[in-house]
Amino acid sequence: MSTNDGQAPEHARTAPRLPVDVDLPVREPFDARGVFGFLAVRAVEGVEAADLSDERQLRYARTLTLPGGPGAIEVTAARVNESDWRVRARLELTRDADAASALALIRRMLDLDADPAAIDAALAGDPALAPLVARTPGIRVPGAVDPHELVVRALVGQQISVAAARTHLGRLAAQVGSPYESGIPGLDRLFPAPAQIAALPEPAPGQALDPDRPLRLPGQSIRSVVGTARALADGELVVHHNADPAAMRAQLLARPGIGPWTAAYIAMRVLHDPDAWLIGDVALLAGARAVGVVHDGLHKAQGHRALAERAAAWAPWRSYAAMHLWQAATASGPRAPARAAG
């Protein structure tokens with residue numbers, strides 16, 4: 001279900017409807033802290049807002065472009081007991097008919113329909129992953145509410161830290177995204193549509209870069225982002241929740257600036273591919289070293305090969321194994337590099 005047809009949205013309304021509150025069933029165990037934390041560290045100012053200050057009451061909110069117009073969602077997860085969570089959503093809609101679309105996107109975003117028992121049982125069969133599964137049962141793979149947005153975020157986040165990507169994307173949203181008046185605190189704009197990003201100037205090779213440009217990336221990266229946004233807006237590049245995986249991957253890999261890692265990451269987040277593997281991911285390797293999946297003595301290339309070979313046994317749940325290793329990389333301290341992308 002794509003929420004964006006590639007065109008710039010109309011100016012946001014100034015009188016949002018009264019919010020609607022809905023309880024969301026969730027299959028336990030549910031790693032609420034993990035999925036809310038993943039979204040929170042990547043939250044783009046104005047488009048998203050999060051509050052994880054209370055470990056028993058987590059909050060994440062964001063604006064959306066829905067079929068009937070702009071809207072917003074606010075999702076909370078409250079501790080019921082030591083193992084269970086109550087997940088509740090507040091919807092802010094232009095049209096009541098968009099409620100089903102918004103709820104489906106929230107379920108995708110939080111991966112609420114995963115089968116945690118099957119996934120945990122399969123991954124715990126590897127002695128190195130068993131302690132990670134025991135520490136974080138019910139891990140989830142966060143999905144993308146807007147496929148086109150996720151493509152842009154993945155491109156911007158290549159080869160830079162999460163914090164740096166968030167800064168670039170925040171500036172892009174502030175300068176290019178459409179304003180939105182919300183009754184949900186922290187939200188005031190929509191993420192730019194592909195057509196809005198495609199309208200940005202593309203610096204020619206060797207051209208001096210405008211220091212005030214929305215994306216303060218190298219010229220080649222800006223051309224990749226703008227060109228890909230144009231392809232999304234024109235329909236030349238087809239990326240949506242129900243896209244054919246092989247066709248989408250081939251289209252992505254044919255684009256300048258998109259390699260196997262980015263294509264796999266987009267499949268993981270947009271298609272909810274449970275078995276995506278991100279070849280060459282430095283944070284995955286750091287996490288694997290931290291838990292003994294890969295020996296510290298192997299140099300980088302050897303380590304990635306050894307990890308890919310070991311990961312083959314985790315199919316068809318390699319996306320979930322990746323989430324465990326990313327968490328292990330974060331827990332292992334300063335030597336673990338930050339992972340970017342949206």
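I will try to describe carefully the structure that is included in this document. These numbers come from a predicted model, not from an experiment. (Residues numbered from 1 in each chain as written. Predicted model: local features only at pLDDT ≥ 70, side-chain atom pairs only at ≥ 80, totals over all residues. Heavy atoms only, no water.)

In this section: the pairing of strand β3 (residues 57-66). By the criterion of burial, β3 is predominantly enclosed, with 9 of the 10 residues buried. Both strand β2 (residues 48-54) and β3 contribute to a ladder of 5 bridges, which runs antiparallel. Within the sheet, the bridge partner assigned to Ala50 lies in β3 and is Tyr60. In sequence, β2 turns back onto β3 through a hairpin of 2 residues. Bridge count between β3 and strand β4 (residues 69-79): 10 bridges; the pairing is antiparallel. For Tyr60, the partnering residue across the bridge sits in β4 and is Val75. The antiparallel hairpin formed by β3 and β4 contains 2 residues in its connecting segment. (Buried < 20%, exposed > 50% of the residue type's maximum accessible area, 1.4 Å probe, protein only. Helix = DSSP H or I, 4+ residues; strand = E, 2+ residues; numbered from the N terminus. Pairing = 2+ DSSP bridges.)

Mapped onto the fold, Arg213 is located in the loop between α7 (194-198) and α8 (219-234). Of the side chains with opposite charge, Asp210 lies nearest to the buried Arg213, which makes no salt bridge, at 6.3 Å. From its side chain, Arg213 meets the backbone oxygen of Asp210 in a polar contact 2.8 Å long. Separated by 3.2 Å, the side chain of Arg213 and the backbone oxygen of Leu217 make a polar contact. Residues within four places of Arg213 in sequence aside, it is in contact with Arg171 and Ile222. (Lys, Arg positive; Asp, Glu negative; His and termini not counted. Salt bridge = Lys/Arg side-chain N within 4 Å of Asp/Glu carboxyl O. Polar contact = N/O pair within 3.5 Å; in protein donor to acceptor, adjacent residues only side chain to side chain. Contact = heavy atoms within 4.5 Å.)

Moving on, we come to helix α5 (residues 147-156). What sets the pattern is the α-helix's 3.6 residues per turn: residues three or four places apart point alike. Within α5, 10 of the 10 residues are buried, which leaves it mostly tucked inside the rest of the structure. Those residues of α5 hidden inside the fold are in contact with β2, β3, α6 (162-176), α7, α8 and α10 (260-270). For α5, the side-chain oxygen to backbone nitrogen distance between the N-cap and His148 is 3.0 Å, and the N-cap itself is Asp146.

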